[in-house]
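# Topology and contacts: notes
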Amino acid sequence: MKRDQWSSNFGFLMAAAGSAVGLGNLWKFPYIAGMNGGGVFLIIYLLLLILLGAPILLTEMAIGRSSRLNAIDACKAIAPKWGFVGGMGVIGAFFILCYYSVIGGWVLKYFFKYIVSSEIKEPEQYFESFTSSVAEPIAWHVIFAAIVVFIVIRGISGGIEKVSKIFLPLLAAFIVLIAVNGMLLPGSFEGVKFILKPDFSHIKSAGDFFGIVLSAMGQVFFSLSLGMGTLITYGSYLSKDSNLMTNSLYIPLFDLIIALAACFAVMPAVFAFGLEPSAGSGLIFKTLPHVFANMKFGRILAVIFFLLVLFAAITSAISLLEVIASYLIDRMNWHRITASVVPAAAFTAIGCLASLSFGKLSHIKIFGSSIFDFLSEFPDKILMPIGGFFLCILAGYIWGMPNFEKEVTSGGKYTFHFKRLTGFLIKIFAPLMIVIIFFASFI
Ligand code: PFF
């Protein structure tokens, strides 16, 4: 069977940025920044985005495009024993999908809620009672999963690329609009200060510091979709005419802009209404309804906002399912439909347990965490950094810089800007940093 391909580099860029921009930016970034001291987190995040995120992103794309294979076989093509790096990605993608789809379901619910009613009264209680109930969140989760499968079944240029090309530019425009709207609220200045002004009093010990650094690193990996084989898979459908170097700069930049815009949409409002910036994973669901209730055209903005979050979540979830599907298609010779539906049925089933862990199954703990927290922390804090580490070693030392350069420059067609710096970051800095941050945070 002929391997599918992106119809243009712009299509790839939108799909890759669509994978990167997701719940990680709109739902997670504001609350993680809120829980980790705002400005301090932002500085560390920025540094790690440039020094770890961008070079690893470039590495993944290069490995994918050079082999034109799924994540596992792409790593094997470089070194036969290194398929496990891609394997960790496939497993991690599955873990993420289990809980990602649950939140996708929450977003879907809020979107429809605002379509049928003008506001959400007492948002905190509303959120708690919705997420802890049994049937409703599961039903929304199943609908979300079904939408994702439907798009992945339609393939690369016909499904994933088309959806991303339409929704990503829309998302960017509206999130900026909502951020500007949020900043115009009276009292919102405190929120802007919270995001931009580093407050070092938050860091009382080395443990605090490494805790923040680990969260920032986890967020960089998560937000850029790294270490899960997504960019290897997407890169494998990319033509040699594309300039990988510029792509590796545009994607993090775009991702950062959206994450910042999300922060500016949420934080000023949090402060303007006297809410708690460290409210955790319910932040956007608990705080934004207050904002929309007090805004002109609040209901319409709410519908648009949740619709955009929904699209962002969908374009990311399809990239995760594609990692698994492409492996099953290439390796097991499965038809695209089976390769999409079977893993989706499995992640939907486990996702139901994750959903129930907010209510009926809240007593079940895995290594001290609820089912939902375990499914989210294990890929974020463990699989992604370890995957990133091995990826750097694989590319930097086994594949080697000459091969890497040949791929990045498309055989001499493009200039490899920051070549020596990138080599240093991939071979030395990134692996070392990952090991230090990883172990220090445990100690
Ligand atoms: N980057 C996505 C987000 O920010 O929501 C999540 C994600 C997608 C993580 C794909 C990992 C991945 F492979």
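Preceding block: the structure.
The model shown is predicted, which means the values in this text are computed figures rather than measured ones.

A few words on a nonpolar patch on the surface. On the surface, a cluster of nonpolar side chains totalling about 850 Å² of accessible area is made up of Leu249, Tyr397, Ile398, Phe418, Leu421, Phe424, Ile428, Leu432 and Ile436. For the nonpolar patch, the secondary structure elements donating two or more residues are α16 (371-399) and α18 (419-442). Among the elements that take part in the nonpolar patch, α18 stands out by supplying 5 residues, more than any other. With respect to the helices and strands, the residue Phe424 is situated in helix α18.

Turning our attention to unusual backbone geometry. Although it is not a glycine, Arg68 adopts a positive phi angle of roughly 55°. Tracing the backbone through its elements, the reader meets Arg68 in the loop between α3 (39-67) and α4 (71-78). Residues other than glycine seldom take positive phi values, yet Ser410 does so here, at roughly 55°. Tracing the backbone shows Ser410 in the loop between α17 (401-408) and α18.

Around the ligand, the structure places 17 residues, and the nearest of them are Ala20, Gly24, Tyr100, Phe222 and Thr230. In this structure, Asn25 approaches the ligand through a side-chain N or O atom, which is 3.4 Å from an oxygen atom. The separation between a nitrogen atom of the ligand and a polar main-chain atom of Phe222 is 2.7 Å. The set of elements that each furnish at least two residues to the shell around the ligand consists of α1 (9-20), α2 (23-35), α5 (83-116), α10 (206-223) and α14 (298-332). For the shell around the ligand, the per-class residue count stands at 8 nonpolar, 9 polar and no charged.

For the rest of this paragraph, the subject is the layout of surface pockets. The computed volume of the largest pocket comes to approximately 400 Å³. Lining the largest pocket are 19 residues, with Tyr31, Ile32, Met35, Ser376 and Glu377 positioned closest to its centre. Contributing elements (two or more residues each) for the lining of the largest pocket: α2, α10 and α16. Ranked by the residues each element gives to the lining of the largest pocket, the list is headed by α16, at 6 residues. Across the lining of the largest pocket, the residue classes break down as 6 nonpolar, 8 polar and 5 charged.

What follows covers empty space enclosed by the protein. Under the defined criterion, the tally for this structure stands at 3 cavities of 30 Å³ or more. Looking at the largest cavity, it is lined by 14 residues, and the ones nearest its centre are Ser19, Phe222, Ser225, Ser316 and Leu320. Within the residue set of the lining of the largest cavity, elements represented by two or more residues are α1, α5 and α14. The greatest single-element share of the lining of the largest cavity, amounting to 3 residues, is contributed by α14.

Within the fold, Leu356 resides in helix α15 (residues 336-356). Residues Leu356 and Ile143, spaced 213 residues apart in sequence, show a C-alpha to C-alpha distance of 16 Å. If sequence neighbours within four positions are ignored, Leu356 has contacts with Val134, Ile138, Leu361 and Ser362.

Scanning all chains against the criterion turns up 0 disulfides. With no disulfide of its own, Cys98 has Cys352 as its nearest cysteine by sulfur position, at a separation of 10 Å. Residue class for Cys98 comes out buried when judged on its relative accessible area of 1%. Taking relative accessible area as the criterion, Cys352 reaches 17% and is therefore assigned buried.

Basis of the calculations
Residues numbered from 1 in each chain as written. Predicted model: local features only at pLDDT ≥ 70, side-chain atom pairs only at ≥ 80, totals over all residues. Heavy atoms only, no water. Patch = residues over 30% accessible without salt bridge, like charges linked within 9 Å, V, L, I, M, F, W, Y side chains within 5 Å. Areas by Shrake-Rupley, 256 points an atom, 1.4 Å probe, with all protein chains shown as cover. Salt bridge = Lys/Arg side-chain N within 4 Å of Asp/Glu carboxyl O. Helix = DSSP H or I, 4+ residues; strand = E, 2+ residues; numbered from the N terminus. Near = heavy atom within 4 Å. Polar contact = N/O pair within 3.5 Å; in protein donor to acceptor, adjacent residues only side chain to side chain. Nonpolar A, V, L, I, M, F, W, Y, C, P; charged D, E, K, R; others polar. 1 Å grid on protein atoms, 1.4 Å probe; cavity = no way out; pocket = protein on both sides within 12 Å on 5 of 7 lines; lining within 4 Å. Points joined across faces, edges and corners; volume = space filled by probe spheres on them. Contact = heavy atoms within 4.5 Å. Disulfide = S-S within 2.5 Å. Buried < 20%, exposed > 50% of the residue type's maximum accessible area, 1.4 Å probe, protein only.

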